[in-house]
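Descriptive structure summary
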Amino acid sequence: MKKLLALLVILALTFSLVACGGTDKPSGTTDGDAQTGTFKAGTYEGEAAGFGGDSSPIKVSVTLSDEAIESIEYTADGETPTVGGAALPDLVEEVLAAQSTMIDAKSGATITSNGFFEAVDMALEAAGVDPASLEPKETATKDVENIDKEVDIVIAGAGGAGMTAAITAAQNGKSVVILEKATIVGGNSSYATGGMNAAETHYQAEQGIEDSAQLFYDDTMKGGHDLNDPELVRTLAENSSAAIDWLDSIGAPLSNVGQAGGASTKRQHRPVNDEGKILSVGTYLVEHLTATCEELGIEIITDAKVDEILMEDGKAVGLHATGSKGNEITVHANSVIIATGGFGSNPELITQYRPDLEGYVSTNAPSITGDAIALLQAIGADFVDLEQIQIHPTVVQTDGSLISESLRGDGAILLNKEGVRFCNELLTRDVVSAHVNEQTDSFAWLIADDVMAQGSTVIEKYVSKGYMIKCDTVADLAALMEVDEATVQESLDKWAAAVQNKNDEEFGRGEFDANLTDLTTAPYYAVKISPGIHHCMGGVKINANAEVLDTNGEVIPGLFAAGEVTGGVHGGNRLGGNAVADFTVFGIIAGENASK
């Protein structure tokens, strides 16, 4: 009798599971039939970590009918507005069209895309639907048309240099089209966290900071080991103040002035919010540049990979690109500007020019793969310093996220595995990276305190993403680092004394001011770092007019370049804050001269 009752219970449960879609068979399917997409109508919630991490997840509200995914609403406060935030509206449309999350992630926003898919899957599972059973529908795609147009200026790359050049040209009354390989704009510029170096600015004058274009020039040449092109460095330094004024003019002031490694004084200009907290310069500038492009009617075509520079009688006359749907995009123009960035996300090129960097993580955007090198070589352009690839000392190894150098400029210090400080944190990036690599297991901890955290949205973001760990006491900090508390306390005390006395007896850091943090205010914030690939100093040769030069040193008519795609500005090592200065100064110059 007991066996019979047990059998009846098993049969009943089996029937119930099949009726509810609770077996291994996908919901809405029948034997021999494909997935029908039958859902349980209602609204379901889901969340998952995106770029903002577990502390600021992507949250979705998915509404289902009995037959389809009807709508998806989301909140994603932790996503970078110009990267993941820009990709999310398209992801919603594509999931609704495909009725599935098994679609491609957005180029340049992979972490956000995957987090969004996971959150939607969670909501579907709450409705009793197996997301893996939802094969993407073949949407009735519109016939993809080829594009053929003519403008005054066409630009490859919608990062900081490309958009700056476009805005400058449009302000001169020129028609402009930008072709961008990725789904979203910004490129590596969106990843910049520090600031922009500039000398003799009105912000420095207002804050009593003494600086000069000559000192900026000297620091940059020294930092680049004198491999830099002196003419380009002179152009960078002497035009930097005007570039700050230009950013003011488009509503993007960089009013906070701090110090970065290799600089003799405070010249790294940074944005602040309404509360006076320091912001990440990259997302801030990309937001303002994108908005200004929209205001000026500059057309940006995304998902357009440039594959040819059009030439006619030795002059650049346009660009050809291939769209993500295979369509051809041809833009004829009087002038062409190349602003596609470096090749920090191309391991093959990295190891080709620097075999010793094989295996290093990269801080670069996924789209930064050096496509322009072959295109420029094909038309006879010359290159310089391609082997000069910078590693940044403070990189999170799990995903290549960069910890801004500006934190060290404000007073953060580096402690090794033993809990001991081991170098002047404001030496040039290559030197600090070498010091980190010399430590036990080639890593260090970057330590900040609550004074720094209260004034920085940058630190807030690092904490929300789980990079920086909050430690309420020195004992907690030592426990995180797995070292003796007394050793950590001694290292902190030595730093506090150095700040108080304005004399770093241990390592000779000579830059002290009243705003430098002494790291005496708990809680503390710590992040484990090692060096990672950060910037390609080498690239195509240009002159001070941002004109591209051929292998004979002659100008290629009609062709200009700006930003990380170029070489010569930074020599053997780029100073923190000089990349933003580079793309702004030479972006303006390229836009001005292309307009002529």
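Numbering of residues starts from 1 in every chain and runs along the sequence as written. In keeping with the model being predicted, local features are shown solely for residues with a pLDDT of at least 70 and side-chain atom pairs are shown and tallied solely at 80 or more, while totals for entire chains, interfaces and linings include all residues. Processing note: side-chain calculations cover all non-hydrogen atoms of the structure and skip hydrogens and water entirely.

Some details on the overall build of the protein
As a reminder, the rule being used: We count a stretch as a helix when DSSP gives it H or I for four or more residues in a row; a strand needs E for two or more, and each element gets its number in order from the N terminus. Based on C-alpha atoms, the radius of gyration is set beside the globule rule, defined as 2.2 Å times the residue count to the power 0.38. Type-normalised accessible area, obtained with a 1.4 Å probe on protein chains alone, sets the label of each residue: buried when under 20%, exposed when over 50%, and partly exposed for intermediate values. By the convention used here, residues are in contact when the closest approach between their heavy atoms is within 4.5 Å. Per-residue and other accessible areas follow the Shrake-Rupley method at a 1.4 Å probe size, with only the shown protein chains counted as cover for residues.
Across its full length, the protein holds 17 helices and 22 strands. A compact globule built from 596 residues should have a C-alpha radius of gyration of about 25 Å, and the protein, at 27 Å, falls within 12% of that. Principal axes of the C-alpha set define a box for the protein whose edges measure 95 × 70 × 45 Å. The burial tally for the protein puts 56% of its 596 residues in the buried class. Taking as baseline every contact in the protein between residues at least 6 positions apart, the subset at least 24 positions apart corresponds to 70%. About 24600 Å² of surface is accessible on the protein, with carbon and sulfur atoms providing 49% of the total.

Let's talk about the packing of helix α2 (residues 84-98) against helix α3 (residues 110-126)
Worth spelling out the cut-off: For helices, the axis comes from a line fit to the C-alpha atoms of the stretch in contact; other axes are also lines fit to C-alpha atoms, and the angle between any two N-to-C directions lies between 0 and 180 degrees. Oblique is the label for any angle not covered by the other classes, which are roughly parallel (under 35 degrees), roughly antiparallel (over 145) and roughly perpendicular (65 to 115). For any pair of crossing helices, the crossing counts as left-handed if the nearer helix is rotated counterclockwise from the farther one by less than a right angle, and right-handed if it is rotated clockwise. In this classification, Asp, Glu, Lys and Arg are treated as charged, Ala, Val, Leu, Ile, Met, Phe, Trp, Tyr, Cys and Pro as nonpolar, and every other residue, Gly included, as polar.
The geometry of α2 relative to α3 is characterised by a closest axis approach of 10 Å and an angle of 45 degrees between their N-to-C directions. Comparing the axis directions of α2 and α3 gives the class oblique. Seen from above, α2 lies across α3 with right-handed handedness. The residues of α3 that touch α2, namely those facing G84, L88, L91, V92 and V95, are T112, S113, F116 and F117. Grouping the constituent residues of the contact of α2 with α3 by class yields 6 nonpolar, 3 polar and no charged.

Some words on the sheet that holds strand β1 (residues 42-50)
Backbone hydrogen bonds are what pair the strands of a sheet, in a parallel or an antiparallel way. Under the convention used in this document: A pair of strands is treated as paired once DSSP finds two or more bridges between them.
Spatially, β1-β2-β3 is the arrangement adopted by the 3 strands of the open sheet, whose pairing is antiparallel. The open sheet is flanked by β1 and β3 (69-75), the only strands paired with a single partner. The sheet shows a mean angle of 25 degrees between the axes of neighbouring strands, taken without regard to direction. Here β1 runs beside strand β2 (residues 53-64); their pairing, made up of 8 bridges, is antiparallel. Across the sheet, the residue bridging to E45 is S61, located in β2.

Quick look at the sheet that holds strand β19 (residues 539-541)
Read from one edge to the other, the open sheet built from 3 strands follows the order β13-β19-β22, with strand pairing classed as mixed. Where the open sheet ends on each side, the last strands, each with one partner, are β13 (383-384) and β22 (566-567). Examined bridge by bridge, β19 and β22 share 2 bridges and lie parallel to one another. Residue K541 lies in a different strand from β22, and its bridge partner there is G567.

Some thoughts on the packing of helix α4 (residues 160-171) against helix α17 (residues 578-595)
Interaxial distance between α4 and α17 falls to 7 Å at its minimum, and their mutual angle equals 40 degrees. Comparing the axis directions of α4 and α17 gives the class oblique. Relative to α17, the crossing made by α4 is right-handed. Note on element contacts: α17 touches α4 through F583, T584, G587, I588, A590, G591, E592 and S595, opposite G160, A161, T164, A165, T168 and A169. Considered class by class, the residues forming the contact of α4 with α17 number 6 nonpolar, 7 polar and 1 charged.

A word on the pattern of salt bridges
Selection criterion: Counted as salt bridges are all cases of a side-chain nitrogen of Lys or Arg within 4 Å of a carboxyl oxygen of Asp or Glu.
Scanning all chains against the criterion turns up 16 salt bridges. Close ionic contact of K181 with D371 constitutes a salt bridge, the shortest N to O distance being 2.8 Å. Here the residue K181 occupies a position in the loop between β5 (176-179) and β6 (196-197), and D371 occupies one in helix α10 (residues 371-378), the gap between them amounting to 190 residues. Between E460 and K277 there is a salt bridge; the shortest N-O distance is 2.6 Å. Here E460, found in helix α14 (residues 457-464), pairs with K277, found in the loop between β8 (268-270) and α8 (281-295); they are 183 residues apart in sequence, far enough to count as distant. Relative accessible area serves as the criterion here: at 37%, E460 is assigned to the partly exposed category. On the basis of relative accessible area, K277 is assigned to the buried category, the value being 15%. Among the ionic contacts, a cluster of salt bridges with common partners joins D211, D219 and R267.

As for the environment of G591
For G591, the position within the fold is in helix α17. The sequence separation of G591 and R429 amounts to 162 residues, and the corresponding C-alpha distance is 31 Å. Those residues in contact with G591 that sit more than four places away from it in its chain are A165, T168, A169, N172 and I337.

Concerning unusual backbone geometry
A cis geometry characterises the amide bond from A522 onward to P523, with omega recorded as 0 degrees. Summarising the element assignment, P523 is placed in the loop between α16 (485-501) and β18 (524-536). A positive phi is found at E200, a non-glycine position, where the angle reads about 60 degrees. Locating E200 in the fold gives a position in the loop between β6 and α5 (202-206). Under the relative-accessibility criterion, E200 is labelled partly exposed at 49%. One non-glycine residue, H225, lies in the positive phi region at around 60 degrees. Following the sequence through the fold, H225 ends up in the loop between α6 (213-223) and α7 (230-249). With a relative accessible area of 40%, H225 lands in the partly exposed category.

Concerning the packing of aromatic side chains
Let me state the cut-off plainly: Aromatic rings from Phe, Tyr and Trp, with only the six-membered ring used for Trp, were paired whenever their centres fell within 6.5 Å, and each pair was classed as stacked if the ring planes differed by under 30 degrees, edge-to-face if by over 60, and tilted otherwise.
Tallied over the full model, the rule gives 3 aromatic pairs. Consider the rings of W495 and F512, whose centres lie 6.1 Å apart with planes at 35 degrees: the pair is tilted. Highlighted residues: W495 in helix α16 and F512 in the loop between α16 and β18, separated in sequence by 17 residues. No difference in accessibility class separates W495 from F512, as the two residues are buried.

Focus on the nonpolar core
Our working definition: Note on terminology: a nonpolar core comprises buried Ala, Val, Leu, Ile, Met, Phe, Trp, Tyr and Cys residues joined through side-chain atoms within 4.5 Å.
In terms of nonpolar packing, the biggest core is built from 96 residues, with L179, L285, L319, I338, L376, L559 and F586 touching the most fellow members. For this core, the element with the highest residue contribution is α17, accounting for 9 residues. Residue contacts for L285: discarding those within four places in its chain leaves L247, A252, L254, V580 and F583. Core analysis: the second largest hydrophobic core is formed by 43 residues, I413, M468, M481 and L519 among them.

A short note on the side chain of N424
Which entries qualify depends on this criterion: Any N or O atom pair separated by 3.5 Å or less is treated as a polar contact, with the protein-specific requirement of one donor-capable and one acceptor-capable atom, and with residues adjacent in sequence counted only for side-chain atom pairs.
Note on placement: N424 falls in the loop between β15 (413-415) and α12 (429-438). Side-chain polar atoms of N424 contact the backbone nitrogen of L426, separated by 2.9 Å. For N424, the contacting residues outside a window of four places in its chain are V432, F507, G508 and R509.

Considerations on the confidence of the model for the protein
Interpreting fine coordinate detail is not advised for predicted regions of low pLDDT. Heads up, the condition is: Per-residue confidence from the predictor is reported as pLDDT, a score between 0 and 100.
The predicted model of the protein averages 91 in pLDDT, with 93% of residues at 70 or higher. Residue range residues 1-37 is modelled with pLDDT below 50. Its contacts to residues more than four positions away, or to other chains, number 23 contacts.

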